[in-house]
Amino acid sequence: MKQQINITPTRLLILSFSIFSFVSFSFSQSQEVPMQSEDWAIENRDARFEVHEGYPSMYFNDSGADATGNSIIQAKGSSFYNGTIEFDLAIDEGARFVSFYFRQQDENNSEHVYLRAFFAGNHRSSGGFQYAAVIDGVNYWDLSFPYQTGVTMLGEGKWNHIKLIVRDRQMLAYVNDMERPALYIPILDGIDRPGGIGVDGKGWIANLQINPDQVDGLSAGMGYDPLHNDIRYLRTWQVTNPIDFPFGREPVEADLPGSETQWSGIQAEHHGLINLSRPFGQTPRGERRLVWLKATIKAGEPVDRTLDLGISDEVYVYLNGSPLYVGRNPYNTPAMLEPSGRASIENTQIDLPLKKGENELLIGVANYFFGWGIVARLNDGSGLDY
């Protein structure tokens, strides 16, 4: 059955990214996940079932991780792909966040959204509600800066109502306000197939209801990258394989790529991100790795440009063989760059004195925490080829 969609203010966010006239609905029976022990995989986890603030609920505490360090508590037998999920979350005293996972393949692969407790009561702070994929054990948090927003979030022990509408590679998320989406994700980063649902952090969940295939407001497929039309981004690079790069080590001339270096192509994903986590996976905890990225910029005449550069976690920048810039963006340290140690073109700006002809831009990227990659944007691409 097809239903005409009226253009209302609540649709404007959606229509700005996706043009459509009809949405197909497949009405399936609503599924409510009971808050009782036999319906959740709570073995070796810190969890209990109780009435909290008037609702039967499950309390969970991520200090109760299993032997692998996995603290996610999954609903038994759950499998979700497209549809609507609604639930209530409350954050416990002293918690940093509460997270909800969906399309979870295993402990290393899932999509998830989460409330960050220290932003409760501050709806103009953009870090209150965030989305990030977890892929091959890598939490994409530091690569997902565009995917966050401020929400009206209630404080310790109080219920926050959340609704997620998911279709293919897109998601709409509502938090407390069910009329206006808090967050629109045009391109989900995770594995595009059905998976389980679960929670972690420290808090309570209640009233978990799944409506399969109810995708009101979303067209099929992938949404539109809002930076698609911005030709200033450097989207085409060559990349080496990663090497071990112990802490405290800095690149020397012998570390620079030479004639025998093997290169492969890599293209930017959405938002201009050169995502090194996708091909190279997780850096083992306590270790550090390095790759080299190379791009060629052709100039018709000598010209000065600037490069806005997003960093995760460290970069060593060379132009035409000469060192140009060293940048570090270590999360949760005094040295981290704005915004909050995440990869964004707001991190830093570098002067690029380009010569006539071909210019080689070489960037060593080191990683030791969560995701790794860069975002690179010229202030002006006119007169250049790249």
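One structure accompanies this document, and this report is about it. (Residues numbered from 1 in each chain as written. Predicted model: local features only at pLDDT ≥ 70, side-chain atom pairs only at ≥ 80, totals over all residues. Heavy atoms only, no water.)

## Comments concerning the layout of surface pockets
Put simply, the rule is: Throughout, the protein atoms alone are placed on a 1 Å grid, and a set of points is a cavity if a 1.4 Å probe fits but cannot get out or a pocket if it is open with protein on both sides within 12 Å along at least five of seven lines; lining residues have an atom within 4 Å of a point. Grid points are joined across faces, edges and corners, and a volume is the space filled by probe spheres set on the points. Each helix is a run of H or I in the DSSP string that is no shorter than four residues. Each strand is a run of E no shorter than two, and both are numbered from the N terminus. Under this grouping Gly is polar, as are all residues other than the nonpolar Ala, Val, Leu, Ile, Met, Phe, Trp, Tyr, Cys and Pro and the charged Asp, Glu, Lys and Arg.
What the largest pocket holds in volume is close to 1200 Å³. Lining the largest pocket are 35 residues, with Tyr101, Gly137, Asn139, Arg285 and Phe370 sitting closest to its centre. Considering each element in turn, the lining of the largest pocket owes the most residues, four residues, to strand S9 (residues 109-116). Per-class residue counts for the lining of the largest pocket are 14 nonpolar, 15 polar and six charged.

## Topic: unusual backbone geometry
Note: most peptide bonds trans; most residues except glycine with negative phi. Omega for the peptide link from serine 312 to aspartate 313 comes to 0 degrees, which places this bond in the cis form. Take aspartate 313: it is sitting in the loop between strand S22 (303-312) and strand S23 (314-319). Phi angles above zero are rare outside glycine, and aspartate 213 is one such case at about 65 degrees. Inspection of the secondary structure puts aspartate 213 in the loop between strand S16 (196-212) and strand S17 (236-239).

## Description of the sheet that holds strand S25 (residues 348-354)
Here is the rule: Strand pairing is assigned whenever DSSP detects at least two bridges linking the two strands. Axis lines are fitted to C-alpha atoms, over the contacting stretch for helices. Their N-to-C directions set the angle, which ranges from 0 to 180 degrees.
Taken together, the four strands give an open sheet; going across it, the order is S20-S27-S22-S25, and neighbouring strands pair in antiparallel fashion. On the outer flanks of this sheet lie strand S20 (273-275) and S25, each paired with one strand and no other. Taking each pair of neighbouring strands and ignoring which way they run, the sheet shows an average axis angle of 30 degrees. In terms of strand pairing, S22 meets S25 through seven bridges, oriented antiparallel. Paired with leucine 309 across the strands is threonine 348, a residue of S25.

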